[in-house]
Each structure stands twice: as structure tokens, then as C-alpha cells.
Protein chains: 2
Amino acid sequence: MESSIIVRAPLHVQVGERLRELIDQGTLAAGMRLNEAELCTQLGVSRTPLREAMRALASEGLLELQPNRGAIVSIVTVEDLTEILPIMSVLEGLAGRLACSCMGDDKIQEVREIHDTMIGHYQRKELSEYFQTNRLIHELITEGSGNQTLMESINSLSAKVRRARFTTEMTDDSWARAVSDHEEMIDALEKRDGIRLEQVIIRHVEAKGTTILGVIKNEYAPQS
Amino acid sequence: MESSIIVRAPLHVQVGERLRELIDQGTLAAGMRLNEAELCTQLGVSRTPLREAMRALASEGLLELQPNRGAIVSIVTVEDLTEILPIMSVLEGLAGRLACSCMGDDKIQEVREIHDTMIGHYQRKELSEYFQTNRLIHELITEGSGNQTLMESINSLSAKVRRARFTTEMTDDSWARAVSDHEEMIDALEKRDGIRLEQVIIRHVEAKGTTILGVIKNEYAPQS
DNA sequence: TCTCTTTATTTTGCATACAAAATACGTTAT
DNA sequence: ATAACGTATTTTGTATGCAAAATAAAGAGA
């Protein structure tokens, strides 16, 4: 009787995860062509599992397959973001509404603590830490919806937004507004006011989207 | 100089489409195990393109891959529908809101015509034709959003709902309500009142969801 | 008769080999 | 020098073969 059998995941799954990492961390940059043979030697696998993994990533939108011409790391365009952000908005809103019914008191308490931590980072102008805790809050609320499908949808879209890699520098004004949104969010969550939380999140994410798109346009034309 | 070169799609793509059809039409029933060798002879291809196609379908959620144990046609459970329907609701709502800004007058006119046709089917109690035109309206509005990502999300979820294959028999009451919702929808669309259209669609789809889930529960316990 | 073990068969996972398409390169002609 | 053609090389697409895992089957012991 073996007690610790390590059932290692199929190769193509491992390869898929590895590719995801490489894309996420930018080693495989957007627009880059993927050479199968090259990747094979690099990952130490044959073409079959690599290709299977690539199909999977392609149908998730991370890769773009060009018939007889290989695959490139898909590029997240401004147009893509313009499409994605409104969707994120209503989906995260829905997650918030559901979370108000589904989350346990302890989980809400947890969000409250992270929220307070985030406020501290805001007051000390610790941008990076602020973003990290901010993201954590959104993730906890998404999880809190208790809706697996919704989580997956949001995560998939969220990954694309992150891959866009814009330099997010907020103005004092938009930052203050974001924080005030979050104050209202945690309040609505603690009162389990789903409708209100949904509205606040929708507004909040829409504003965030506007900021992002604004920043990106500036990057395209920074001299203006 | 060849003028009509038919660039036939890669095999694995063709296979993927064929599998999708087979699953959609129920030839490959939910829960059914897929034998690679069997499918290969049946489709006249080797295992490699078949397997690649299967990975792709799996990451779209149509198949479920069990390591070393093959693939089964994924089963859409009541829990899945319970998760999916609220998402459909807000996504279709968003599509409606966007459609009010994006659709051309001619397209709206087209929806109006189909709407009137649908009302005719309702009055003559032509259930099947009613559903068909109903679905067409929802699809046109989704398209009308001009948001490709949103369309894909909705279509993907919508496909799962359809695969659940419940017997949709509406009561006179819920049918009347659905029609009245549609009257309000076409009105809001023609007035390009995005906010109102969004609200109506959300309510409408939620109600449809309630009906569906109700019906399914009855099927599970029909004697009650 | 039932259960557990052992063996045989099927089925999946991976690697390799071959074919076809696309790209790169060099040559020739204008 | 440039453009166009043809060849060589690279790269992708598909098929097949072998190994490992899972399932089915058969047999031995209780």
C-alpha cells in the first residue's frame, strides 16, 4: 500500500502551465513568434504535447494560431481593452451582488482587514502595496460570489488586462476617488447590500477602465 | 496563375468543428466517453489532429478530459445553469446597453420587424417559431453591441444553456410576461435608451432563468 | 459464492518520421 | 540595380509506432 503516490500531471498540462508562466512574466513577449522545435528543446518535450498545450492556450486567447505559419503570443490591443473593461465592470458587479448573499461573516471580516491595510498604504502613498491589496480585495469578492463560472470568466479577462502592461500612474484625484469607492464597497458588503455594492463596483471598475485607457493613449502619444 | 485556390482549413480545425456539431446535435451525448480510435476511423483522420481538436474543445468546456482515462462530453448540471444564468443576464444586459449606442437605424428596424413577426407567432401560439425568432432577436442585439469579446462570451455560455436540453413549456402567464418584456425591449432600443434596455433585459433573462430552473427541477421530480 | 490477485487487452500519452506548406536565398533576366 | 523566377531550407501538419497507464478478464484462495 503506497501512501504517497505522486501522480504527476500529463505533460501537455505541465507544458501549458509553463507557457502560461512564460507569457505572464513576459519572457514570451506579445507578438513573438513561437518556434515549435525551439520551444521543444527548451522545455525538453516533443512536439506533440507542446502542440496540444498550444491549442489549449490558443482557445483561451493567449496565443493566436496562424494556419501553416505557427503561433504568436496574442497582442492585447487598445480595442481589446475597450471591449474587455465594460465586461469586467458588470461581471465584477455581479460578483459583488452575489457575494453579499454568499460570503460568510468571517470572510467579510477578512476583506475588511485587507481594506484597512490598503487604506494605510494609500495614506503612506505606497503605490505598489496599494495595488496588491486592492487586487486582493477584488479577488476575494470574486471568490465570495460562490460562482465558479463567474470566477473563471473574470480571471480570464483580468489576465488579459494585466498582460497589457501599461504604466499605471494615478493622479491624486483619481486615486482619492478610487479609495472612496472602496470605502463605499466595504460598507455595502458589511451591510450585505448587494444592489448597492453592485452599483458601486460597476462605477468603480468603469472609472478604473477610463483611467487605464487614458494612460494607454498617452503612452501612444506621450509628447502631446 | 491559379485563380481559385481552395485553402482548406487545417484538419484539426475541421475535426473540431465536426465534433462541435456532433455534440450540439446530440449524437455525442452528454456524459458519453469518446474513444479516440473509434472517432478516428469514423472521421477518417489520425489521432494527432483529433487529439489537438479535443484539447481545444476541452478548454472551451465542451469536453472534460480525464488524465489517462480519455474524454467525456461534459455534462451541464443544474448547478452549472444556476451559475451561468445570472452571468448571461448581466452580459446580455450590457450588450443591450451598448447596442443602443452602436446599432444602425437599419439594424434596429430589422429587429423591429423580427419582433413583430415574433408577436405574430405568439398570438398564434406557434411555440417553436416563437423561440426561433426570440433567439434571433437576442442574437441581433448581442451582435449590435459591436463588442466581439462580449459576443463570444455570451455565445459560449448560451451554447451551454442550450446543451442542457430541457423541455421548455411556458405557462400562459410567463409567456405573456416574456412578450411584454420584449415589447419594452424593442421600445427602449428604438428610443436608444441604453440604461432602460439594460434593466429590462436583465430582468427578462433572470425571469427566463427562473423558468428554466423551475422546469428542470420538475423534470427531476415530475411526480410532485 | 465472493473477493482478491494476477494476467491480458484496451486505451491513452508521448516521441518520431514523413509530407506539405511557407520562407529564405540565390540566380537570372531586364 | 531591381524584379522575378526557381531552388533550398526551414517550419508546420499529419500519421504511425512504442511505452505506460487503466480497464477488463481470468483464476486462485477463502
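Before going into details, it helps to say that this report is about the structure given with it. (Residues numbered from 1 in each chain as written. Chains lettered and ligands numbered in written order. Predicted model: local features only at pLDDT ≥ 70, side-chain atom pairs only at ≥ 80, totals over all residues. Heavy atoms only, no water.)

**With respect to the overall build of chain A**
And then number 1: For chain A, the helix and strand inventory stands at 9 helices and 3 strands.
And then number 2: Seen in sequence order, chain A has helices and strands lined up from the N terminus as α-β-α-α-β-β-α-α-α-α-α-α.
And then number 3: Considering only C-alpha atoms, chain A reaches an extent of 65 × 55 × 30 Å along its principal axes.
And then number 4: Taken over 224 residues, chain A has a buried fraction of 44%.
And then number 5: Put simply, of all contacts in chain A between residues at least 6 apart along the chain, 72% involve residues at least 24 apart.
And then number 6: Just so you have it, chain A exposes about 12000 Å², and 51% of that area is on carbon and sulfur atoms. (Helix = DSSP H or I, 4+ residues; strand = E, 2+ residues; numbered from the N terminus. Buried < 20%, exposed > 50% of the residue type's maximum accessible area, 1.4 Å probe, protein only. Contact = heavy atoms within 4.5 Å. Areas by Shrake-Rupley, 256 points an atom, 1.4 Å probe, with all protein chains shown as cover.)

**A few points about the nonpolar core**
And then number 1: Counting residues in each nonpolar core, the largest one holds 87 residues, and the members touching the most others are L81(A), L91(A), L150(A), L189(A), L81(B), L91(B) and L189(B).
And then number 2: Element by element, the count of residues in this core is highest for helix α4 (residues 78-102) of chain A, at 13 residues.
And then number 3: Apart from the residues within four sequence positions on either side, L91(B) is in contact with I87(A), V90(A), L91(A), L150(B), S153(B), I154(B) and L157(B). (Core = buried A, V, L, I, M, F, W, Y, C linked by side-chain atoms within 4.5 Å.)

**A few points about the protein's contact with DNA strand C**
And then number 1: L11(A), S46(A), T48(A), R69(A) and R51(B) are the nearest of the 20 residues found near DNA strand C.
And then number 2: At 2.7 Å from a base nitrogen of DNA strand C is found a side-chain nitrogen or oxygen belonging to T48(A).
And then number 3: In this structure, a base nitrogen belonging to DNA strand C sits 2.9 Å away from a side-chain N or O atom of R47(B).
And then number 4: Among the secondary structure elements, those contributing two or more residues to the surface near DNA strand C are α1 (11-24) and α3 (47-59) of chain A together with α3 (47-59) of chain B.
And then number 5: In terms of residue class, the surface near DNA strand C is made up of 6 nonpolar, 7 polar and 7 charged. (Near = heavy atom within 4 Å. Polar contact = N/O pair within 3.5 Å; in protein donor to acceptor, adjacent residues only side chain to side chain. Nonpolar A, V, L, I, M, F, W, Y, C, P; charged D, E, K, R; others polar.)

**Thoughts on the pairing of strand β2 (residues 63-66) of chain B**
Moving residue by residue along a regular strand, the side chains alternate between the two faces of the sheet.
And then number 1: Bridge analysis of β2(B) against strand β3 (residues 70-73) of chain B gives 4 bridges, and the strand direction is antiparallel. Counterpart to Q66(B) in the pairing with β3(B) is G70(B). (Pairing = 2+ DSSP bridges.)

**Let's talk about the packing of helix α6 (residues 127-144) of chain A against helix α8 (residues 172-190) of chain A**
All names here are of chain A.
And then number 1: Packing of α6 against α8 leaves a shortest axis separation of 13 Å and a crossing angle of 35°. Judged by the sense of rotation from one axis to the other, the crossing of α6 with α8 is left-handed. Where α6 abuts α8, its residues L127, Y130, N134, I137, H138 and I141 lie against W175, A178, V179, H182 and M185.
And then number 2: Split by residue class, the contact of α6 with α8 holds 8 nonpolar, 3 polar and no charged. (Axes fitted to C-alpha atoms, helices over the stretch in contact; angles between N-to-C directions. Left-handed = near helix turned anticlockwise from the far one by under 90°.)

**Considering the sheet that holds strand β3 (residues 70-73) of chain A**
And then number 1: Here we have 3 strands laid out as an open sheet, ordered β1-β3-β2 (chain A), and antiparallel in their pairing. Each of the sheet's edge strands pairs with one partner strand only, and the pair in question is β1 (33-34) and β2 (63-66) of chain A.

**Brief notes about the sheet that holds strand β1 (residues 33-34) of chain B**
Residue and element names in this part refer to chain B.
And then number 1: Reading across the sheet, the 3 strands line up as β1-β3-β2 and stay open at both edges, with antiparallel pairing between neighbours. Each edge of the sheet is formed by a strand with only one pairing partner; in this case those strands are β1 and β2.
And then number 2: Of the pairings in the sheet, the one linking β1 to β3 comprises 2 bridges and is antiparallel in character. Directly across from R33, in β3, lies its bridge partner I72.
And then number 3: α3 rests against β2 and β3 of the sheet, and its axis sits at about 115° to β2.

**Quick look at the environment of I84(A)**
And then number 1: With respect to the helices and strands, I84(A) occurs in helix α4.
And then number 2: Residue class for I84(A) comes out buried when judged on its relative accessible area of 1%.
And then number 3: For I84(A) and V161(A), which are 77 residues apart along the polypeptide, the C-alpha to C-alpha distance reads 7.8 Å.
And then number 4: If near-sequence neighbours (up to four positions away) are discounted, I84(A) is found in contact with L157(A), K160(A), V161(A) and T149(B).

**A short note on helix α5 (residues 105-123) of chain A**
Residue and element names in this part refer to chain A.
And then number 1: For α5, with 19 residues, the first-to-last C-alpha span of 27 Å sits near the 27 Å given by 1.5 Å per residue.
And then number 2: Along its buried surface, α5 packs onto α6 and α8.
And then number 3: Just beyond α5, the residue with positive phi is K125, at close to 55°. (Expected span 1.5 Å × (residues − 1).)

**Points about the relation of the copies chain A and chain B**
Copy one and copy two of the chain differ by a rotation about an axis and a translation along that axis.
And then number 1: It takes a turn of 180° to lay chain A on chain B, together with a shift of 0.1 Å along the axis; the resulting RMSD is 0.1 Å. Within this description, the copies of the chain are treated as partners about a two-fold rotation axis.
And then number 2: A shared binding surface is used by both copies, with 100% of the interface residues of chain A retained as interface residues in chain B. (Least-squares fit on C-alpha atoms with pLDDT ≥ 70 in both.)

**So, the protein's contact with DNA strand D**
And then number 1: Around DNA strand D lies a shell of 19 residues, among which R51(A), L11(B), S46(B), T48(B) and R69(B) are the nearest.
And then number 2: Sugar and phosphate atoms represent 66% of those atoms of DNA strand D found within 4 Å of the protein.
And then number 3: R47(A) places a polar side-chain atom, nitrogen or oxygen, 2.9 Å from a base nitrogen of DNA strand D.
And then number 4: Within the contact set of DNA strand D, a phosphate oxygen lies 3.0 Å away from a backbone nitrogen or oxygen of N68(A).

**Concerning the packing of aromatic side chains**
The description of an aromatic ring pair rests on the distance of the ring centres and on the angle between the ring planes.
Residue and element names in this part refer to chain A.
And then number 1: Counted by the stated rule, this structure contains 6 aromatic pairs over all chains.
And then number 2: Ring centres 5.1 Å apart and planes at 70° place the aromatic pair Y130 and W175 in the edge-to-face group. Here Y130 is found in helix α6, whereas its partner W175 is found in helix α8, with 45 residues between them in sequence.
And then number 3: The buried category is assigned to Y130, whose relative accessible area is 1%. (Phe/Tyr/Trp six-rings, centres within 6.5 Å; stacked < 30°, edge-to-face > 60°.)

**Let's talk about helix α2 (residues 36-43) of chain A**
All names here are of chain A.
And then number 1: Restricting attention to buried positions, one finds in α2 the residues E36, L39 and C40. Summarising the axial view, the buried residues of α2 lie within an arc of 105°, below the 170-degree limit, and thus occupy one face. Set apart from the buried face of α2 by more than 90 degrees, the exposed residues are E38, T41 and Q42.
And then number 2: Elements in contact with the buried residues of α2: α1, β1 and α3.
And then number 3: Looking at where α2 begins, the residue whose side-chain oxygen comes 3.0 Å from the main-chain nitrogen of A37 is N35.
And then number 4: Taken from the residues just after α2, G44 is the one with a positive phi, measuring 75°. (Arc of directions from axis to C-beta.)

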